[in-house]
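Observations on the model geometry
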Protein chains: 2
Amino acid sequence: TEKFESLCAILDALERDLGSVARVDFVVEDDRLWCIDGRPADLEPTASIASAVDLVEEGVISQQQALLGVDPDHLETVATARLSPHSETALTYGSGAAPGAASGVICLDVEAVDEATARNLPAILVTREIRPEDVVSLGSVAGVLADRGGKASHAALVTRGIGTPAVIGASNMSINVPDRLVSIGDSVLSEGDWITLDGTTGEVFAGNLRLKKRTVPEEIKTLLAWADQWRTLEVWGNVDNPAAAALVRSAKGEGVGLARTEHMFSGEQLSIVRQLLTTTDQRARSAALGELEDAQIGDFETLLTSMDGLPVVVRLLDPPLHEFLPDRISILRDIRLHATQGLDTAPLERIERAVSHYEESNPMLGMRGVRLAIVMPEIYRVQVLAALEAVRRRLDAGGNPQLHLMVPLVGAVEELTVVRNMIEEEVHQAGRLLEVSVGTMIELPRAALVADAIALQSDFFSFGTNDLTQTTLGMSRDDAEEAFLRTYIDRGLLAANPFQTLDIDGVGQLMKMAITKARAVNPEIQIGVCGEHGGDTDSIAFFHAIGVDYVSCSPPRIASARLAAAQAAIRDGA
Amino acid sequence: TEKFESLCAILDALERDLGSVARVDFVVEDDRLWCIDGRPADLEPTASIASAVDLVEEGVISQQQALLGVDPDHLETVATARLSPHSETALTYGSGAAPGAASGVICLDVEAVDEATARNLPAILVTREIRPEDVVSLGSVAGVLADRGGKASHAALVTRGIGTPAVIGASNMSINVPDRLVSIGDSVLSEGDWITLDGTTGEVFAGNLRLKKRTVPEEIKTLLAWADQWRTLEVWGNVDNPAAAALVRSAKGEGVGLARTEHMFSGEQLSIVRQLLTTTDQRARSAALGELEDAQIGDFETLLTSMDGLPVVVRLLDPPLHEFLPDRISILRDIRLHATQGLDTAPLERIERAVSHYEESNPMLGMRGVRLAIVMPEIYRVQVLAALEAVRRRLDAGGNPQLHLMVPLVGAVEELTVVRNMIEEEVHQAGRLLEVSVGTMIELPRAALVADAIALQSDFFSFGTNDLTQTTLGMSRDDAEEAFLRTYIDRGLLAANPFQTLDIDGVGQLMKMAITKARAVNPEIQIGVCGEHGGDTDSIAFFHAIGVDYVSCSPPRIASARLAAAQAAIRDGA
């Protein structure tokens with residue numbers, strides 16, 4: 001009737017104005033329609049995106065309005081599973097480190113994961129912390145529950161990167177490995193018991209709760225296609241292992257901005273690396289280097305095949321070497337056990353010596369990155385040889401490999417020059433024109449301060465904003481969150497966790513300075529960001545503003561980064 | 001005769017020209033005098049200083065020429081003992097970490113040092129590394145021989161600061177504590193055997209070699225008096241314990257630029273701090289805090305008495321708390337020992353839990369400095385209360401205490417504000433006008449980048465160039481030297497050790513930027529440098545150039561810093 005029609009007219013006008021579906025509170029009194037309040041409807045994220053797309057297609061709002069009306073962070077969870085409605089009480093809470101829900105049987109180590117997988121049961125890895133040797137099995141687990149770390153920890157980064165739901169830093173939890181028990185709150189669970197976790201909320205439940213799987217609705221694909229037309233910032237993906245490149249491609253990432261080669265040093269390759277680090281015998285070392293080279297050729301070939309025609313930035317070895325060795329306290333324990341059982345302790349003692357040799361007070365600020373290349377150049381050379389061989393094989397197969405080699409932790413141009421010369425020497429030795437672009441990470445304040453000198457030797461810069469944040473703020477990502485970051489944020493001393501949202505006043509100022517200096521001497525230089533901030537909405541707006549060419553983030557965050565980049569461009573009036 | 005006179009004339013002209021005693025090579029041929037070469041004479045440092053002072057007093061050269069002609073570094077060793085000529089072969093070499101020679105009996109721990117001292121024998125502490133609990137006895141040892149560390153290590157800094165000769169990072173040395181033996185090279189020595197070390201050259205000898213003690217010659221005092229008239233940069237001293245303030249005063253330091261309060265947390269105070277960290281019982285904590293306050297009042301009173309009328313900058317607690325706790329591996333060993341002997345392990349287990357709780361992956365970037373003040377404010381408050389009480393007592397005694405409280409590791413002005421408010425609250429509570437100046441260390445890149453905001457809340461800045469170098473370059477001082485710094489310097493990738501001579505391009509750029517930003521908003525702000533670079537000649541010239549007000553260094557380096565500051569001013573044309 002008449003009142004209904006005027007209500008529709010009001011809603012139409014409101015939707016046009018708000019750029020989204022509207023909600024109106026009204027009363028009819030004395031036969032007259034009184035509108036009390038009008039505001040955007042509280043829709044579930046997916047529904048709100050669908051309605052925004054509908055409104056554009058009906059000509060009610062513009063593409064820009066629709067793009068600006070969606071919270072990019074919603075896109076990260078939109079395709080992940082979630083819990084069906086239930087009435088269970090959580091056993092404990094932790095940080096929701098990687099979104100999505102998962103149910104499975106408790107597995108306390110990699111062997112248990114393998115066993116569960118063989119029995120076709122989903123596995124939930126329950127562990128004190130994620131160590132490099134665990135990474136290889138993370139691809140086959142349904143979820144991860146870890147005792148230590150926070151949203152910005154290494155473990156969170158790894159699980160989020162491969163899209164495995166994870167809850168990290170769970171309170172009231174203790175793991176008893178010898179007895180294969182986990183006590184959480186008041187409950188004691190055994191290995192093999194079912195457990196359910198929600199990596200979006202951080203909740204952990206006993207039992208096998210029902211999950212709701214979701215697929216990406218068509219409207220989101222439409223919205224992202226519009227985003228791609230508006231944005232000027234490219235969006236690439238970070239990968240921890242060659243298989244993940246397929247995820248980047250399917251999320252429409254325009255390149256791999258960071259292939260972490262050390263995460264490839266797991267599983268079988270880990271024992272080769274350990275061999276390399278614990279023996280001084282030259283023949284054994286050469287053999288280990290040879291095996292490593294062969295393994296890496298395969299890795300790089302897979303990577304370049306998945307990303308054919310698109311840039312792939314391979315970061316040469318970065319972490320401190322002790323990360324590839326076992327923990328000293330556990331080795332000392334094993335030596336004692338061997339001794340009491342009358343077994344030969346010599347091999348373990350050799351490992352203990354190596355662990356002790358590579359032990360550092362502050363490994364983050366120690367012997368890692370390009371420093372490895374200077375002091376023990378063999379591993380870097382092997383990586384370069386493997387990458388060049390992979391390029392050659394791809395060319396022979398008619399492919400279009402776009403290899404970029406990236407040198408981490410450079411603080412002075414002299415360091416980069418040493419590695420660049422080595423790479424050029426090997427390219428020359430290859431006797432065939434192999435095009436390889438060589439660049440550096442900017443992840444130390446000094447690198448940003450002398451960016452002009454470094455830019456003269458670099459085809460590209462990639463800001464490693466995780467490490468740049470650690471050094472600029474003097475905060476260790478792995479220690480800060482539990483120790484004081486939460487207190488800082490609760491008390492308003494920090495606006496946000498600087499490992500999630502870029503610290504614009506500090507780290508951002510350095511980045512801006514570095515870009516200005518670099519482009520002044522090398523206008524062609526390509527500039528990217530490959531830290532976690534590359535997938536953070538607020539940070540992306542800043543990267544757009546200071547002239548970054550591409551951001552690179554973990555595959556599950558590529559969609560939100562595409563939208564955030566479009567929003568930045570629209571707001572910028574592009 | 002005639003030729004002698006012309007030779008004298010030539011030498012006179014040369015001396016005037018060179019500004020130092022000259023050496024001339026000549027021949028007399030066909031009864032004519034031929035001068036072949038003329039250059040400054042190679043005099044032993046002390047003799048060359050004496051001759052320069054003579055030349056000024058004879059009116060041959062100017063004060064400026066004399067001041068510029070002396071190498072400031074020579075002044076650091078001029079008053080230290082050295083070895084008499086001998087024919088011994090060194091057992092081993094290490095870094096000459098703190099200059100001077102010393103002989104004494106080998107002591108493997110603090111108890112052995114006490115015993116040797118009681119028997120009137122000079123003690124040489126031979127240790128794997130210097131831990132906080134050792135610091136209190138360093139004042140009573142003749143020398144230190146440490147296995148671990150380099151010239152820039154914490155151990156080197158401590159020994160150099162109190163003028164105790166030290167050799168650090170000795171190769172081919174192993175210490176067997178249970179059997180009280182030290183093997184060095186091919187020799188095995190027992191605790192109590194005599195040993196001699198030269199902290200200038202890094203040599204270590206078996207036996208009791210003869211030493212030559214030296215006193216500062218009058219000419220050096222004259223030269224330094226001239227230096228004081230020329231220089232514009234003030235020179236202050238750093239102290240690790242209240243007694244060292246007397247060394248600053250006698251070296252004519254114009255203030256204490258850094259009183260490290262945590263080094264006062266040793267000896268008896270260490271057990272109070274451990275009590276505080278390992279108990280959750282509120283009554284025990286309060287008692288420990290009370291004891292700590294009493295002990296610190298005495299420390300601060302001694303300090304303010306020694307430096308009466310001159311500024312004393314007290315740095316509030318800085319290091320990560322685990323530095324005050326024993327090493328985890330040794331505690332685990334003790335727990336096992338107790339268990340096998342049927343003793344109660346509960347107290348040790350409590351300590352182990354605390355050690356494990358405070359353990360960090362990268363303590364340098366962890367829970368320390370102002371972060372302690374935010375998360376567990378009690379210790380900072382106790383320190384402030386103790387310092388204010390010391391000021392009150394000094395005022396009652398008719399003294400002129402000039403207390404400056406310095407907050408370490410500030411990265412954001414919000415942190416400083418929290419501590420400043422607490423200090424102002426306590427000053428207000430004191431109910432009496434106590435003048436206290438509050439400032440901050442600039443030792444994180446972020447602090448330099450936002451120096452304008454921080455300067456608005458600071459009466460002074462003091463650049464902690466040691467830590468600023470660690471974070472700007474991403475290099476841990478304790479790890480870098482052995483692992484890669486030597487290789488870098490040998491290969492020319494770095495011009496000098498950045499922990500000795502300031503990295504002007506990187507760290508220096510940040511400092512300059514910070515000073516400009518700070519003075520723009522707070523022109524009255526006082527700016528100092530209290531890292532090791534404050535005593536380094538090359539770095540001092542840079543600090544003069546960028547407008548630093550004072551440098552603060554360890555007492556044995558004050559003389560060279562005074563000369564270096566004069567040279568900078570003269571070269572600057574002041």
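Residues numbered from 1 in each chain as written. Chains lettered and ligands numbered in written order. Predicted model: local features only at pLDDT ≥ 70, side-chain atom pairs only at ≥ 80, totals over all residues. Heavy atoms only, no water.

Here we come to the overall build of chain A. Counting secondary structure elements, chain A contains 23 helices and 23 strands. In summary, chain A has a C-alpha radius of gyration of 26 Å against a globular reference of 25 Å for 574 residues, a match within 12%. When burial is assessed residue by residue, chain A has 55% of its 574 residues classed as buried. Across chain A, every contact between residues at least 6 apart in sequence was considered, and the portion connecting residues at least 24 apart equals 68%. A total of about 23100 Å² of accessible surface is found on chain A, and carbon and sulfur atoms cover 49% of it. Where the 49 positive side-chain charges of chain A centre and where its 83 negative ones centre are 2 Å apart. (Helix = DSSP H or I, 4+ residues; strand = E, 2+ residues; numbered from the N terminus. Rg over C-alpha atoms; globule rule 2.2 N^0.38 Å. Buried < 20%, exposed > 50% of the residue type's maximum accessible area, 1.4 Å probe, protein only. Contact = heavy atoms within 4.5 Å. Areas by Shrake-Rupley, 256 points an atom, 1.4 Å probe, with all protein chains shown as cover. Lys, Arg positive; Asp, Glu negative; His and termini not counted. Charge placed at Lys NZ, Arg CZ, Asp CG, Glu CD.)

Residue and element names in this part refer to chain A. Along helix α5 (residues 110-118), the residues that are buried comprise Val110, Ala112, Val113 and Ala116. Each buried residue of α5 sits inside an arc of 155° when the element is viewed along its axis, so together they form one side. The outward face of α5, more than 90 degrees from its buried face, is lined by the exposed residues Glu111, Glu115 and Ala118. Remark: Asn120 follows α5 within two positions and exhibits a positive phi of approximately 60°. (Arc of directions from axis to C-beta.)

Residues and elements named next belong to chain A. Reading around the barrel, the 8 strands line up as β16-β17-β18-β19-β20-β21-β22-β23 and close back on themselves, with parallel pairing between neighbours. Each strand axis lies, on average, 30° off the axis of its neighbour in the sheet, ignoring direction. Of the strand pairs in this sheet, strand β21 (residues 460-463) and strand β22 (residues 526-529) are connected by 4 bridges, and their pairing is parallel. Directly across from Ser462, in β22, lies its bridge partner Gly528. Its contacts with the sheet place helix α21 (residues 504-521) against β21 and β22, and it is angled at close to 180° to β21. (Pairing = 2+ DSSP bridges. Axes fitted to C-alpha atoms, helices over the stretch in contact; angles between N-to-C directions.)

All names here are of chain A. Nonpolar side chains collect at one region of the surface, where Val27, Trp34 and Ile36 lie side by side and expose about 290 Å² of accessible area between them. Structurally, the position occupied by Trp34 is in strand β2 (residues 32-40). For Trp34, a relative accessible area of 42% translates into the label partly exposed. (Patch = residues over 30% accessible without salt bridge, like charges linked within 9 Å, V, L, I, M, F, W, Y side chains within 5 Å. Salt bridge = Lys/Arg side-chain N within 4 Å of Asp/Glu carboxyl O.)

Attention shifts here to the pattern of salt bridges. Residues and elements named next belong to chain A. The tally for this structure, following the rule as stated, stands at 54 salt bridges over all chains. With a closest N to O distance of 2.8 Å, Arg562 and Asp228 form a salt bridge. Here the residue Arg562 occupies a position in helix α23 (residues 558-571), and Asp228 occupies one in helix α8 (residues 218-230), the gap between them amounting to 334 residues. Judged by its relative accessible area of 5%, Arg562 falls in the buried class. Across the pair Glu426 and Arg381 runs a salt bridge, and its minimum N-O distance is 2.4 Å. With a gap of 45 residues between them, Glu426 in helix α16 (residues 413-430) and Arg381 in helix α15 (residues 378-396) connect regions that are remote in the sequence.

Glancing now at a negative patch on the surface. Residue and element names in this part refer to chain A. Together, Asp12, Asp54, Glu57 and Glu58 make up a negatively charged patch on the protein surface. Inspection of the secondary structure assignment puts Asp12 in helix α1 (residues 2-18). Of the residues examined, Asp12 reaches a relative accessible area of 43% and is grouped as partly exposed.

With that settled, the discussion passes to the relation of the copies chain A and chain B. With an RMSD of 0.2 Å, the operation that places chain A on chain B is a rotation of 180° combined with a shift of 0.0 Å along the axis. The superposition of one copy onto the other is thereby described by a two-fold rotation axis. Of the C-alpha atoms belonging to chain A, the one lying closest to the rotation axis is found on A:Asn362, 2.2 Å away. A symmetric contact is evident, with 100% of the interface residues of chain A recurring at the interface of chain B. (Least-squares fit on C-alpha atoms with pLDDT ≥ 70 in both.)

Another aspect to go through is the pairing of strand β11 (residues 181-184) of chain A. Consecutive residues of a regular strand have side chains that alternate between opposite faces of the sheet. Residue and element names in this part refer to chain A. Judged by which residues are buried, β11 turns out to be one-sided: Val182 and Ile184 face inward and are buried, whereas Leu181 and Ser183, on the alternate face, are not. As defined by bridge partners, strand β10 (residues 173-176) adjoins β11 across 4 bridges and the pair is classed as antiparallel. Across the sheet, Ser174 pairs through a bridge with Ser183, a residue of β11. The hairpin formed by β10 and β11 contains 4 residues between the paired strands, and Arg180 there has a positive phi angle of roughly 55°. Where β11 and strand β12 (residues 187-190) come together, 4 bridges link them in antiparallel fashion. Looking across to β12, one finds that Val182 is bridged to Leu189. Here β11 folds back onto β12 in antiparallel fashion, the turn holding 2 residues, of which Gly185 has a positive phi close to 55°.

All names here are of chain A. Tracing the backbone shows Ser458 in the loop between α18 (451-455) and β21. Accessibility expressed as a relative area gives 3% for Ser458, which makes it buried. A polar atom in the side chain of Ser458 sits 2.8 Å from the backbone oxygen of Ile454. Ignoring sequence-local partners within four residues, the contact set of Ser458 consists of Leu416, Arg420, Val438, Gly439, Thr440, Asn522 and Ile525. (Polar contact = N/O pair within 3.5 Å; in protein donor to acceptor, adjacent residues only side chain to side chain.)

A word on the side chain of A:Glu426. According to the relative accessible area criterion, A:Glu426 is buried, its value standing at 11%. The residues contacting A:Glu426, other than those within four sequence positions of it, are A:Arg381, A:Val384, A:Leu385 and A:Leu388.

A contiguous patch of positive charge on the surface is contributed by A:Arg333, A:Arg336, B:Arg333 and B:Arg336. Among the elements of the structure, α12 (328-340) of chain A together with α12 (328-340) of chain B are those that each provide at least two residues to the positive patch. Owing to a relative accessible area of 33%, B:Arg336 belongs among the partly exposed residues under this scheme.

Ring pairs (aromatic) are described by centroid distance and by the angle formed between their planes. For the structure shown, the criterion picks out 6 aromatic pairs over all chains. The interplanar angle of 5° and the centroid separation of 3.6 Å between the aromatic rings of A:Trp236 and A:Tyr550 together place this pair among those described as stacked. Of this pair, A:Trp236 sits in strand β16 (residues 234-239) while A:Tyr550 sits in strand β23 (residues 550-553), and the two are 314 residues apart along the sequence. When sorted by exposure, A:Trp236 lands in the same class as A:Tyr550, which is buried. The aromatic ring of B:Trp34 is capped on one face by B:Arg32, whose charged end is 5.1 Å from the ring centroid. (Phe/Tyr/Trp six-rings, centres within 6.5 Å; stacked < 30°, edge-to-face > 60°. Lys NZ or Arg CZ within 6 Å of the ring centre and 35° of its normal.)

Time to look at the interface of chain A and chain B. Listed by partner, the interface residues are 46 residues for chain A and 46 residues for chain B. Between chain A and chain B, roughly 4300 Å² of surface is buried when both sides are summed, and carbon and sulfur atoms account for 58% of that area. Of all residues in chain A, A:Leu365, A:Arg446 and A:Leu493 give up the largest surface area on contact with chain B, accounting jointly for 14% of the area buried on that side. Our count for the chain A to chain B interface comes out at 2 salt bridges. Where A:Arg446 meets B:Asp503, a salt bridge forms, and the shortest distance between an N and an O atom there is 2.8 Å. Linking chain A with chain B are 26 residue pairs in polar contact (both at pLDDT 80 or more), by the criterion used here. Listing elements by their share of the side of chain A that touches chain B, those giving two or more residues are α12, α14 (370-375), α16, α17 (445-449), α19 (465-473), α20 (477-490) and α21 of chain A. (Buried area = accessible area lost by both parts, 1.4 Å probe.)

One widely used convention gives an interface's size as the accessible area the parts lose upon coming together. Taken as a whole, chain A is organised into domain 1 (2-77), domain 2 (82-212) and domain 3 (231-320 + 360-571). Put simply, the middle of domain 2 of chain A and the middle of domain 3 of chain A, counted by C-alpha atoms, are 29 Å apart. (Domains from an automatic or database assignment.)

Looking now at unusual backbone geometry. One non-glycine residue with positive phi stands out, namely A:Leu409, at about 65°. Inspection of the secondary structure puts A:Leu409 in the loop between β19 (402-407) and α16. Classification of A:Leu409 by relative accessible area gives buried; the value is 2%. Non-glycine residue B:Arg180 carries a positive phi angle of around 55°. Within the secondary structure, B:Arg180 sits in the loop between β10 (173-176) and β11 (181-184).

Time to look at the sheet that holds β12(A). All names here are of chain A. The strand order across the open sheet built from 3 strands is β10-β11-β12, with neighbouring strands paired in antiparallel fashion. Two strands in the sheet have a free side with no partner beyond their single neighbour: β10 and β12. Adjacent strand axes in the sheet meet at a mean angle of 20°, parallel and antiparallel pairs treated alike.

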